[in-house]
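# Results of the structural survey
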Amino acid sequence: MPAFTIGETDFLLDGAPFQVISGAMHYFRIHPDQWEDRLRTARQMGLNTIETYVPWNSHEQRRGEFTATGGLDLGRFLDLVQAHGMFAIVRPGPYICAEWHNGGLPEWLIEDGTIAVRSRDPRYLAEVERYLQAVYEIVRPRQIVHGGGVILVQIENEYGAYGSDKTYLRALMDLTRAAGVEVPLTTVDQPTDAMLEDGTLPELHSTASFGSRAPERLAALRRHQPRGPLMCAEFWCGWFDSWGEPHHTTSAADSAAELEAILAAGASVNIYMVHGGTNFGYSAGANDKGFYRPIATSYDYDAPIAEDGTPTEKYWAFREVIAAHAPVPDDRPAPRAPARVLEAPLLRVVALADAELERWSEHDTAPVATAFGSPRGYSRYAVHVPHGGVLTVGEVRDRAHVTLDGLPVGILDREAHDRVLALPSGGELSILVEHLGGVNYGSRIGEAKGLIGPVRLDGEELRGWRAAPLELTADEIRDALDTRGIALSAGAPVGGPVLLGGRFEADPTGDLHLDVRGWGAGAVWINGFALGRYWARGPQETLYVPAPVLRDDGNELLVLELRGAERPTARFVAEPRLGPTEF
């Protein structure tokens, strides 16, 4: 069987120098029926390898129930990578960052706050061992030494930016080897002396992550690791978007020049991302480096292959650079037609408060969300207030819509540090809290969601609460509209929070782009598939609708609108809009 090893200065494929030219592509951010298209396009750019993370919290949403089917079929994805003539790099974490909810760590693992994650804590390592064994059951037979395409496996992820526990790293390495992983093991860190020292072991091969000043960064890596191939395992050719920030773009020419510098130095590379994809459903994470900022639904990343699979200017610039260093296929991606333009009215509506979706539990004081349900999605709190006054909350995570006797009285936003609201009178107080993404980087991973700390009225803590989780599914929304919904007046604006439903016809052979301008904030489902969140604050102005989601006998559209919409019409446009020209 072929062998992939680490030589004095190069990776070696069957003993011959091999320059890894890879691109990051996350199977869990792409509809599985589109994996082949995206892989083919990546190969046509000239890549010889594909890298992917593995998200623990998606594969094991409930403790002990590991799922690897459908959109989580890692084995099928790796087989397709090999079928398209490429090798694979697997990065199973257990922590992945990736701008993914909680950095990939499961809610059930971190909800009580007593397990020390990313550490030698025996309880953590016991859960990690079970998870990694399940992943490596898939990876082991697909290693190059067994006829598969997997050539590298990464241990942890940018650990030098978090800690320096060598015992922890060695435990992960030993678990990986014990599970039958024989290919070289790597780590990745930003190329500073401290991070490169703290984030690896002598038995592991160090790689770097950066997006500019390639010669300088590669020199730093070489100082730390005198022997073996140089590799930028995350070449940041773009960046992710957060709600409330401008859409991030990078110059195709500048990125191509950095790629040329890496390849000309003889270094290997993994382009992060070659194709970003989409944070479908409630999967997007958040960053908190002094202030909380949730990640947008689109993970386009200004990558060479756009969110909808279209090759961009950066794609062609990278292809030209790669062609100077390695063989590039003669065939090219076929031109893509614009998406279909159409409109569809939303026909039925029910107020979220009238949908009766809550499974209430009773509490003396306002609890955090993990005390009564899933921290993904939303939480609802209710309490009677005896009179008007000043409402104060210790903290909201992450955005609270406050109503009194069914009428809106205000919004408390974590990013604005809102914690005080005036109530005009007594009555039934209801607080709907959006959980906008678990922090994916740094010390706040695994933090609680919902209402944090005491909730007081004029300084007196409120007691006698009811609380309920509202993760919301298409089935729940459909049932609520069928049983309690009313007809929606054509063209009339709607307030929020409400559930809306409609139907539309569309050619299922092509993608759509749902224009959410004129809507406030919420989430969308088409034929039961969760497209993700939208928010008028931008920068994202359309939601990507993968063609495999659509049906030729009509399509169901369901919407949760939290703030209100000026037009109760679904409008699909020809091109994605990821940000306004000015912000």
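Please refer to the structure placed before this passage.
Because the structure is predicted, anything quoted here is derived from the model rather than measured.

## With respect to helix 8 (residues 214-224)
- Buried within helix 8 are the following residues: Ala214, Arg217, Leu218, Ala220 and Leu221. The buried residues of helix 8 occupy an angular sector of 155° when projected down its axis, which confines them to one face. Turned more than 90 degrees away from the buried face of helix 8 sit Pro215 and Arg223, all of them exposed.
- In this fold, the buried residues of helix 8 make contact with helix 7 (193-198), strand 9 (205-210), strand 10 (231-236) and helix 9 (252-264).

## Quick word on the pairing of strand 6 (residues 87-91)
- Within strand 6, five of the five residues are buried, leaving the element largely enclosed by the surrounding structure.
- Of the two faces of strand 6, both are covered, the one formed by Phe87, Ile89 and Arg91 as well as the one formed by Ala88 and Val90.
- Across five bridges, the pairing between strand 5 (residues 49-53) and strand 6 is parallel. For isoleucine 50, the partnering residue across the bridge sits in strand 6 and is alanine 88.
- Pairing of strand 6 with strand 7 (residues 150-154), which is carried by three bridges, proceeds in the parallel orientation.

## A closer look at the side chain of glutamate 156
- Its location among the elements puts glutamate 156 in the loop between strand 7 and helix 6 (166-178).
- Reaching out from glutamate 156, the side chain makes a polar contact with the side chain of arginine 118 at a distance of 2.8 Å.
- Setting aside chain neighbours within four positions, we find glutamate 156 in contact with Gly93, Tyr95, Arg118, Tyr168, Leu169 and Leu172.

## Thoughts on the state of the cysteines
- Inspection of the entire model under this criterion finds zero disulfides.
- No disulfide involves cysteine 97; its nearest neighbouring cysteine sulfur is the one of cysteine 232, lying 15 Å away.
- For cysteine 97, a relative accessible area of 8% puts it in the buried group.
- Unpaired in this structure, cysteine 232 has its nearest cysteine sulfur neighbour in cysteine 237, at a distance of 10 Å.

## Let's talk about unusual backbone geometry
- Here the bond from glycine 93 into proline 94 is cis, since omega is 20°, no more than 30 degrees from zero.
- Along the chain, proline 94 turns up in the loop between strand 6 and helix 4 (107-110).
- The amide bond that connects glycine 496 to the next residue, proline 497, takes the cis arrangement and shows omega of 0°.
- Relative to the elements of secondary structure, proline 497 occurs in the loop between strand 26 (494-495) and strand 27 (498-504).
- Notably, tyrosine 301 is not glycine yet its phi reads approximately 65°, a positive angle.
- Here tyrosine 301 is to be found in the loop between strand 13 (292-294) and helix 10 (313-323).
- On the accessibility criterion, tyrosine 301 (3% relative accessible area) is buried.
- Unusually for a residue other than glycine, asparagine 527 sits at a positive phi of about 50°.

Conventions and cut-offs
Residues numbered from 1 in each chain as written. Predicted model: local features only at pLDDT ≥ 70, side-chain atom pairs only at ≥ 80, totals over all residues. Heavy atoms only, no water. Buried < 20%, exposed > 50% of the residue type's maximum accessible area, 1.4 Å probe, protein only. Helix = DSSP H or I, 4+ residues; strand = E, 2+ residues; numbered from the N terminus. Arc of directions from axis to C-beta. Contact = heavy atoms within 4.5 Å. Pairing = 2+ DSSP bridges. Polar contact = N/O pair within 3.5 Å; in protein donor to acceptor, adjacent residues only side chain to side chain. Disulfide = S-S within 2.5 Å.

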